[in-house]
Amino acid sequence: MSDSGEAKKSHPAVEQDFKSQEGQTTQNSNKRTLDEASKNETSGLETLKKMAKPTARKIEFKTTEEEEEEEDALPLECSICRNPFLNPVVTNCNHYFCNLCALMHHEKNTNCFVCNQPTLGVFNTAVDIKKKIVNVRQKARAMVKEVSTILAKALVIRKDADAMAAQSAGMVEDVETVMGIVDAHGETSAEDPTSWDEIVDLVESMEVVAAKAKEMAEKAAEMVKEANDTTETAKREMAKALGVMRKVKWNV
């Protein structure tokens, strides 16, 4: 009886301890649930941030200098015939030929003439080469036009120089004529000193004319030199233009 009574007395304490442990377990479970929810929320926010963050696409634009360098690297003559391109084509291995040269070579050898890789008979129109040929033709035309302008300038300078030289020569002749008159007048009017005032004035005016004639002659000589230099410049530029013109075919 006493043992049973003690058991009955201890039962409420055991029950209370069990409830306490159950409550602690519930708290721990709730805490884990909150932690997991917090982690999931954080993960969700990170995902949203990544989704919301704009993707930066790097777009590369070639500068004019880079395009010019690439164009300069392109050939202007066929690797087979060694002449300027006629209807240029390009292989899959990026080698350029005249269309006819490529086809004739393909009949004998199906590999590329340059690198010996199989061409598979594919010869596409070389658009970049055609573009370069057009640019070269335009450049050559512009150079020839510039040469024509230089020659026209040289011609104008030479004409002005010739006119100035002729004018100077005419002034010299006038001075010589007047001085001849002065000499003749001096011989016939030596006894009349007053008449020499007019002679002196005339001589002084002729000195001015002679100085002007000399200045014009020197200017004319400078202009002739300028005209000659300009002509030489035109010759050099024309040689360059011809060099550019020979790089491409013109009768196509």
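Residues numbered from 1 in each chain as written. Predicted model: local features only at pLDDT ≥ 70, side-chain atom pairs only at ≥ 80, totals over all residues. Heavy atoms only, no water.

Some points on the nonpolar core
Formed by 22 residues in total, the largest nonpolar core has its most connected members in Cys-78, Phe-85, Tyr-96, Ile-129 and Ile-133. Elements that contribute at least two residues to this core include exactly strand E1 (88–90), strand E2 (96–98), helix H3 (99–108), helix H4 (127–188) and helix H5 (196–245). If you tally residues by element for this core, the top one is H4, at five residues. Two domains each donate at least three residues to this core, and these are domain 1 (67–125) and domain 2 (140–186 + 194–245). In this view, Phe-85 contacts Pro-75, Leu-76, Glu-77, Cys-78, Tyr-96, Phe-97, Cys-98, Ile-129, Ile-133 and Lys-249; residues no more than four positions away in its chain are not counted. (Core = buried A, V, L, I, M, F, W, Y, C linked by side-chain atoms within 4.5 Å. Buried < 20%, exposed > 50% of the residue type's maximum accessible area, 1.4 Å probe, protein only. Helix = DSSP H or I, 4+ residues; strand = E, 2+ residues; numbered from the N terminus. Domains from an automatic or database assignment. Contact = heavy atoms within 4.5 Å.)

Let's talk about the UniProt feature "domain: RING-type" (unreviewed entry) in the protein chain
When the UniProt feature table is mapped onto this chain numbering, "domain: RING-type" (unreviewed entry) sits at residues 78–116. Across residues 78–116, helical content stands at 26% and strand content at 15%; the span's end C-alpha atoms are separated by 16 Å. (UniProt positions renumbered as here; feature names shortened; annotations may be inferred.)

Re H3
The complete set of buried residues in H3 reads Cys-101, Ala-102 and His-105. Within H3, the buried residues cover an arc of 95° as seen down the axis, which keeps them to one side. In H3, the exposed positions that point more than 90 degrees away from the buried face belong to Leu-100 and Glu-107. (Arc of directions from axis to C-beta.)

Notes on the side chain of Lys-132
In this structure, Lys-132 sits in helix H4. At 2.4 Å, the side chain of Lys-132 and the backbone oxygen of Leu-74 are in polar contact. (Polar contact = N/O pair within 3.5 Å; in protein donor to acceptor, adjacent residues only side chain to side chain.)

Digging into the UniProt feature "coiled-coil region" (unreviewed entry) in the protein chain
Annotation from UniProt places "coiled-coil region" (unreviewed entry) at residues 210–237. Taken as a whole, residues 210–237 contains 100% helix and 0% strand, while its terminal C-alpha atoms sit 40 Å from one another.

Structural notes on the environment of Ala-102
Within the fold, Ala-102 resides in helix H3. For Ala-102, a relative accessible area of 2% gives the class buried. Linking Ala-102 and Thr-91, residues 11 residues apart in sequence, is a C-alpha distance of 9.1 Å.

What about the sheet that holds E1?
Read from one edge of the open sheet, three strands run E2-E1-E3, paired in antiparallel fashion. The sheet is open, and its two edges are formed by E2 and strand E3 (124–125), each paired on a single side. With two bridges joining them, E1 and E3 adopt antiparallel strand pairing. Following the sheet pairing, Val-89 is matched in E3 by Thr-125. Against the sheet, H3 engages E1 and E2, with an angle of about 95° to E2. (Pairing = 2+ DSSP bridges. Axes fitted to C-alpha atoms, helices over the stretch in contact; angles between N-to-C directions.)

Considering empty space enclosed by the protein
Enumeration over the complete set of coordinates arrives at one cavity of 30 Å³ or more. Reported here for the largest cavity is a volume of approximately 40 Å³. Lining the largest cavity are Ile-80, Thr-91, Phe-97, Ala-102, His-105, Asn-111, Cys-112, Phe-113, Thr-119 and Phe-123. By residue class, the composition of the lining of the largest cavity is six nonpolar, four polar and no charged. (1 Å grid on protein atoms, 1.4 Å probe; cavity = no way out; pocket = protein on both sides within 12 Å on 5 of 7 lines; lining within 4 Å. Points joined across faces, edges and corners; volume = space filled by probe spheres on them. Nonpolar A, V, L, I, M, F, W, Y, C, P; charged D, E, K, R; others polar.)

Considerations on the packing of aromatic side chains
Summed over all chains, the structure comprises one aromatic pair. Between Phe-97 and Phe-113, the aromatic rings sit 6.4 Å apart at their centres with planes inclined by 90°, giving edge-to-face as the arrangement. Taken together, the residues span a long stretch of sequence, with Phe-97 in strand E2 and Phe-113 in the loop between H3 and E3 at a distance of 16 residues. For Phe-97, a relative accessible area of 2% corresponds to the buried category. Directly above the ring of Trp-250 sits Arg-137, whose terminal nitrogen or CZ lies 5.9 Å from the centroid. (Phe/Tyr/Trp six-rings, centres within 6.5 Å; stacked < 30°, edge-to-face > 60°. Lys NZ or Arg CZ within 6 Å of the ring centre and 35° of its normal.)

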